[in-house]
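Remarks on the overall topology
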Amino acid sequence: MTNGVPATGFRAEAASDSLLHNGLMDPVHNRGGTALPDRFTVIAIGLVAYSLANLLHEGAGHGGVCVLLGGKPLVLSSVHFECDEGAMSASGQKMVSAAGSMVNYLAAAISLVLMRLMRNRPGPVQYFLWLFTTINLLMAAGYFLFSGLGNIGDWAAVCNGLVAPVVWRPLLALIGGVLYFLFARRAAIWLRPFAGSDALQRQRATRLTMLPYLAGGLLYCVSGFFNPVGPILIAISAAAASFGGASGLIWLKEFLRAENGAATPLVEVPRSIGWILAGIVSAALFIGVLGPAIRF
């Protein structure tokens, strides 16, 4: 006993602090009364957010406009949508190509409004809305950058034939790059309530961004493995949209260092069995149903 405190208790407390600092311990609360996000819930929310963003892009975006403009949907998979555009004009075909990203922007706007409305009801749902908003914004801007740099993808189909590639490609890449940077910076500001402003800020931010990034990327690639077109779509669609399009999740937390505003109450993401089950179901449907494709 030292100063009335058992030595064994002191050593146990010191060991606990060391494990917490190194991320090897996942307590309900640390001494400051703030919790680390539950990793399983974060992964599950990531699976739901990525699945929904993709379905909106391919199904509601490309598929919805295809039907509205008189086309016939042929195939919907997790990595592509095929539309019979025989009865459509050239401008209509370009609208179908553009619609995927436009729906992602619309989904992000609606999600952002809901996130603001739910400020007084913090928790996993609010984190889902942050992640869903961020994914939709980054992927939509990423399509501009990807098409401008590689002359491939949705926006290459939109821009080809309108003006010379020497004009639209650098312009589209520039717009995409600027938007991507601005969206990532803004997403970091929205992330701060979930990351906190104490010594565990970076650890929380890493868990809240890297876990869904890896889970979503693997989800897209595993599902893309079963697509009916071939392995090429894993590279130019599944991996490009997930690991490439959402790559801002890797580094947007760096902007937290530049945010020196007043401390805000921490929005905790505790373990949620409901979200974990939702993530499992979403992944199973995304891989088992959309992977091999739905034919109309």
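See above for the structure.
Because the structure is a prediction, the values reported are computed rather than measured.

Scoring rules and cut-offs
- Residues numbered from 1 in each chain as written.
- Predicted model: local features only at pLDDT ≥ 70, side-chain atom pairs only at ≥ 80, totals over all residues.
- Heavy atoms only, no water.
- Pairing = 2+ DSSP bridges.
- Helix = DSSP H or I, 4+ residues; strand = E, 2+ residues; numbered from the N terminus.
- Phe/Tyr/Trp six-rings, centres within 6.5 Å; stacked < 30°, edge-to-face > 60°.
- Buried < 20%, exposed > 50% of the residue type's maximum accessible area, 1.4 Å probe, protein only.
- Salt bridge = Lys/Arg side-chain N within 4 Å of Asp/Glu carboxyl O.
- Contact = heavy atoms within 4.5 Å.

What follows covers the pairing of strand E1 (residues 72-76). Alignment of E1 against strand E2 (residues 81-84), held across four bridges, turns out to be antiparallel. Looking at the pairing, valine 75 lines up with glutamate 82 of E2. Counting the residues that bridge the hairpin from E1 to E2 gives four residues. Where E1 lies against strand E3 (residues 294-295), two bridges are found, and the strand directions are antiparallel. In the strand pairing of E3, valine 75 is matched with arginine 295.

Turning our eyes to something else, we now look at the packing of aromatic side chains. A ring pair, where both rings are aromatic, is described by two values, the distance of the centres and the angle of the planes. Scanning all chains against the criterion turns up 14 aromatic pairs. Between tyrosine 105 and phenylalanine 144, the aromatic rings sit 6.2 Å apart at their centres with planes inclined by 50°, giving tilted as the arrangement. Here tyrosine 105 is found in helix H3 (residues 90-117), whereas its partner phenylalanine 144 is found in helix H4 (residues 124-150), with 39 residues between them in sequence. On the basis of relative accessibility, which here comes to 10%, the residue phenylalanine 144 falls in the buried class. Every member of this aromatic cluster is reached through a ring pair, and the members are Tyr105, Phe144, Trp155 and Phe183.

Applying the stated criterion across every chain, the model contains three salt bridges. With a shortest N-O distance of 2.8 Å, arginine 271 and aspartate 38 are connected by a salt bridge. A residue pair is termed long-range when its members are at least 10 positions apart, and arginine 271 in the loop between helix H9 (248-251) and helix H10 (273-290) and aspartate 38 in the loop between helix H1 (7-21) and helix H2 (39-68) qualify at 233 residues. Here aspartate 198 makes a salt bridge to arginine 204, at a shortest N to O gap of 2.8 Å. Arginine 204 sits in the buried class, given a relative accessible area of 1%.

Our focus in this paragraph is unusual backbone geometry. Across residues other than glycine, the phi torsion is negative in most instances, and most of the peptide bonds are trans. Located in the positive-phi region is asparagine 151, a residue other than glycine, with phi close to 55°. Tracing the sequence through the fold places asparagine 151 in the loop between H4 and helix H5 (154-159). Note on asparagine 151: relative accessible area 33%, which makes it partly exposed.

This next bit is on the side chain of asparagine 136. Structurally, asparagine 136 is set in helix H4. What makes asparagine 136 buried here is its relative accessible area of 0%. If we ignore the near neighbours within four places in the chain, the residues touching asparagine 136 are Ala53, Asn104, Ala107 and Ala108.

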